[in-house]
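# Per-entry structural report
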Amino acid sequence: MAAVLWVQTAVVLCFLPRALAVGARLYTEDDPLVILGSSSLKPTVSNSSSAWLVQFYSSWCGHCIQYSSTWKGLAQDVTDWDQAMGVAVLDCAQEENFDVCKEYGIHYYPTFRYFRAHSRPMDQGTTYRGADREIQTVRQLMVNFLQNHTKLDWPDNCPPLEAYSSVELLPLLGQRSDQYTAIIIEEPESYVGREVILDLLQYSGVVVRRALATDLPLVDKLGITAFPSAYLLHPNGTHTHLHVQKRLRFFFSSLLKLLPGVHRRPRQDSSRSSLNQTGTVAGQQSTEPWRDFDSSKVYIADLESALHYLLRVELATHNTLEGEELKTFKDFVTVVAKLYPGGGSVVKLMETLLEWLLSLPLDRIPYQAVLDLVDNKMRISGVFLGAELRWVGCQGSRVGLRGYPCSLWTLFHVLTVQHDAIPTALDNTALEGEPAAVLQAMRRYIRTFFGCRECGQHFEQAAADSMDRVQTTEQQILWLWNQHNSVNNRLAGSLSEDPLFPKAPWPSPTLCVSCHEEKEGVHVWSQENVLNFLRKHYRAANLSPKYSLTHQHLPAAPPQLSQPTDGKQGGGGGEKEEPAKKAEEHQPLKEEVKEEVEKLPGGRGRAHGGVWILGLGFNSVDMSLCVVLYVFSCLFLMLLFFFFKVRSKRWKHRHNRPYV
């Protein structure tokens, strides 16, 4: 027995180091860096077109574990620099990496090594031995290391980082060009200009030059009085100061990336699919007319288009709804019915759909029955949802870009803000006990119905990691915003990115200046100001009815759940909205009332206006008619009874002949 226990213990101890190493992986493929190994280190850093910064670490090293979040932050901060200098890691605790770490002389963890571009295979890099390893310090060291390259080994895609003189820059004033030229004028010890140059490395349509504040002819000619400053030369030959609210690297880079005609170049790797979240190829030019919009507004047309696609297209892939699918759909309809802002015919549709779903004592329903109600085959007064996709704030430059995924994000942002504004909206439903009811409904819907399976898996992983920590409506708003930004960071530069609307941290400085701050040279978000911005941006009063197919009543005061308004349907097609009375008079009846609606196995029932009762095909109108007919029948029978009673008495009196 002792021998058996000894063998079992030896086996456990043998595999324990590897198990710990695997279980303690500090970096994953989802992080914005490259994970190297013994077989990939030399091919990656040797004779590379870009320079490399590699951290050799050990997954059992306590300091490495603590430092991992800083290193990920650095990699995220310089993610646009990777064509000039890449960031990578190698775990020396992995058994297969023992030899390569020994070959490179790694004795302490973590060890930082810089590898020059076009380095030889025998080059083991330059070790950084400084004590300060914070993001700003390491980032500036990366700039210095790049500038230490010679012309012979300069990284292929790295633009010049040295300062230009007035002799080189002043002749550019007034000249036409096919791109913008931005001149960052700064103090000699400043790194802002060089960092902005590298931030714009992967963008076309703009070139960034750096100049020094000590170049007095240039400073005087451009009228620069504060540093750092940016001066912008337009393609048409005009030139002007670039106004920024804060003289920080993030503000300069963000504004330049948002210039008209400035686009991110697509990534060259093939790991990104050419299909976007809706499964369409993003290449065909859109035939839809362009709709001008204000980025500070949220458009009802986007919300309606999201519901139209969700209810009529995405849900249509399920012939029947049962079990978990049915419960998920009920929860989604509940959230939308209770929190969709503005009232109107869309809210009445969702309330009618919810009442119908809750009244059915069935565990399976056919999708066709849902579609008939969404299409209002029963002609219920005031129920309408436009049957066309009309993207506005979510329109893309080409078919397959943005559209439905964008509008679905927008819809749930609006719902989280509405839940925060009206915390009691979900009372007396099955969701009032959930601290993050909107997020949980969104999570279940994406897991069950969302067409992009990989996207759903990413969202589910994020939800499993942190959604259970959301306990308040404020945290619910911020969690969804943070997750949306994380998705944008992951997909930035992929083939699903719209070149006219690059995936960048949102809100941008132009929308919310106070949302952005800088701490120790690194951009950080002001959570309090972000929350205030989201509440204002997605509130009901900020919803624009422009381009909407449906007549809406939008409150000017703080958002409140309102009852359906006049219940009149909006016009179909692409017509402009008419007054409610005319919309009702001219709204055509597109289809006749359907006499039979497909039901579950076991019978078919008639469907008329109103909400089905007990799942038997009877609705409130039918029941009201039954009551009215019953009362009239009783009254009629009573009248007949008294009529014949009186006639009988008269007949007996007339023909009565008493005998003597």
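These numbers come from a predicted model, not from an experiment.

What follows deals with the pattern of salt bridges. Going through the model one piece at a time under the given rule, you end up with 22 salt bridges. Across the pair Arg-249 and Asp-199 runs a salt bridge, and its minimum N-O distance is 2.8 Å. On the criterion of sequence distance, the pair formed by Arg-249 in helix α9 (residues 249-257) and Asp-199 in helix α7 (residues 192-199) is long-range, its members being 50 residues apart. Taking relative accessible area as the criterion, Arg-249 reaches 9% and is therefore assigned buried. One connected set of salt bridges, linked through shared partners, spans Asp-77, Arg-139, Glu-195, Asp-199 and Arg-249.

Let's shift gears to the sheet that holds strand β10 (residues 239-241). The strand order across the open sheet formed by 4 strands is β8-β6-β9-β10, and the pairing between neighbours is mixed. Since the sheet does not close on itself, it has two edges, and those belong to β8 (206-212) and β10, each with one partner. The sheet shows a mean angle of 20 degrees between the axes of neighbouring strands, direction not considered. Here 7 bridges tie strand β6 (residues 180-186) to β8, and the two strands are oriented parallel to one another. Looking across to β8, one finds that Ile-185 is bridged to Ala-211. Packed on one face of the sheet, α7 meets β6 and β8 and runs near 170 degrees to β8.

Turning to the pairing of strand β4 (residues 111-115), a few remarks are in order. Buried residues dominate β4, accounting for 5 of its 5 residues. Judged by which residues are buried, β4 turns out to be covered on both faces: Thr-111, Arg-113 and Phe-115 on one side and Phe-112 and Tyr-114 on the other are all buried. Two elements, strand β2 (residues 51-57) and β4, share 5 bridges in a ladder whose sense is antiparallel. Within β4, the residue paired with Phe-56 across the bridge is Thr-111. Where β4 lies against strand β5 (residues 126-128), 3 bridges are found, and the strand directions are antiparallel. The residue of β5 that forms the bridge with Arg-113 is Thr-127.

The subject of this paragraph is the packing of α7 against α9. Between α7 and α9, the least distance of the axes is 9 Å, while the angle of their chain directions is 35 degrees. The hand of the α7/α9 crossing is right-handed. Across from Val-192, Glu-195, Val-196 and Asp-199 in α7, the residues of α9 making contact are Arg-249, Phe-252, Ser-253, Leu-256 and Lys-257. A class-by-class count of the residues in the contact of α7 with α9 yields 4 nonpolar, 1 polar and 4 charged.

Turning next to the sheet that holds β5. If you trace the 5 strands from one edge of the open sheet to the other, you get β1-β3-β2-β4-β5, paired in mixed fashion. Of all strands in the sheet, those bounded by a partner on one side alone are β1 (34-36) and β5. Put simply, the sheet's adjacent strands are angled 30 degrees from each other on average, direction ignored. Pairing of β2 with strand β3 (residues 85-91) involves 7 bridges; the strand directions are parallel. Looking at the pairing, Val-54 lines up with Ala-88 of β3. Sheet strands in contact with helix α3 (residues 62-77) are β2, β3 and β4, and its direction is about 165 degrees off that of β2.

This brings us to the confidence of the model for the protein. Mean pLDDT over the protein stands at 83; residues scoring 70 or higher make up 80%. Per-element mean pLDDT across the protein ranges from 35 in strand β18 (residues 596-597) up to 98 in α7. Overall, residues 269-284 carries pLDDT values under 50, and its contacts beyond four positions in sequence, including any with other chains, amount to 36 contacts. With pLDDT under 50 throughout, residues 552-617 is counted as low confidence; its partners more than four residues away or in other chains account for 146 contacts.

Going from Tyr-109 to Pro-110, the amide bond is cis rather than trans, its omega being -5 degrees. In this structure, Pro-507 follows Trp-506 across a cis peptide bond, with omega equal to 5 degrees. Along the chain, Pro-507 falls in the loop between α17 (473-491) and β15 (516-519). With phi around 55 degrees, Arg-379 is a residue other than glycine that occupies positive phi space. Arg-379 sits in the partly exposed class, given a relative accessible area of 33%. Here Asn-428, not a glycine, exhibits a phi torsion of approximately 65 degrees, which is positive. As for its position among the elements, Asn-428 is in the loop between α14 (404-421) and α15 (437-448). For Asn-428, a relative accessible area of 78% gives the class exposed.

This next bit is on the state of the cysteines. Applying the stated criterion across every chain, the model contains 4 disulfides. Two residues, Cys-394 and Cys-406, share a disulfide whose sulfurs are 2.0 Å apart. Torsion about the S-S bond of the Cys-394 and Cys-406 cystine: about -70 degrees, corresponding to left-handed handedness. Of this pair, Cys-394 sits in the loop between α13 (367-374) and α14 while Cys-406 sits in helix α14, and the two are 12 residues apart along the sequence. The pair Cys-394 / Cys-406 is uniform in exposure class, with both members buried. Disulfide partner of Cys-452: Cys-455, at an S-S distance of 2.2 Å. Disulfide Cys-452 to Cys-455: torsion about the S-S bond roughly 65 degrees, handedness right-handed. Given the relative accessible area of 24%, Cys-455 is considered partly exposed. If one numbers only the bonded cysteines of the protein, in the order they occur, the disulfide pattern is 1-2, 3-4, 5-6, 7-8. Cysteine Cys-61 remains unbridged, with the sulfur of Cys-64 as its closest cysteine sulfur at 3.0 Å.

We now examine the side chain of Gln-395. With respect to the helices, strands and loops of the structure, Gln-395 is situated in the loop between α13 and α14. Only 2.4 Å separates the side chain of Gln-395 from the backbone oxygen of Arg-291, close enough to count as a polar contact. Within the local environment of Gln-395, its side chain forms a polar contact with the backbone oxygen of Val-392, the two atoms lying 3.0 Å apart. Ignoring any residue separated from it by four or fewer positions in sequence, one finds Gln-395 in contact with Pro-289, Trp-290, Arg-291, Phe-293, Arg-402 and Phe-501.

We now examine the pairing of β15. Where β15 meets strand β16 (residues 522-525), 4 bridges bridge the pair, whose relative direction is antiparallel. Each bridged residue has a counterpart across the sheet, and for Glu-517 the counterpart in β16 is Val-524. Hairpin remark: β15 followed by β16, antiparallel, with 2 residues in the connecting loop; positive phi at Glu-520, about 55 degrees.

Thresholds applied
- Residues numbered from 1 in each chain as written.
- Predicted model: local features only at pLDDT ≥ 70, side-chain atom pairs only at ≥ 80, totals over all residues.
- Heavy atoms only, no water.
- Salt bridge = Lys/Arg side-chain N within 4 Å of Asp/Glu carboxyl O.
- Helix = DSSP H or I, 4+ residues; strand = E, 2+ residues; numbered from the N terminus.
- Buried < 20%, exposed > 50% of the residue type's maximum accessible area, 1.4 Å probe, protein only.
- Pairing = 2+ DSSP bridges.
- Axes fitted to C-alpha atoms, helices over the stretch in contact; angles between N-to-C directions.
- Contact = heavy atoms within 4.5 Å.
- Left-handed = near helix turned anticlockwise from the far one by under 90°.
- Nonpolar A, V, L, I, M, F, W, Y, C, P; charged D, E, K, R; others polar.
- pLDDT = per-residue confidence, 0-100.
- Disulfide = S-S within 2.5 Å.
- Polar contact = N/O pair within 3.5 Å; in protein donor to acceptor, adjacent residues only side chain to side chain.

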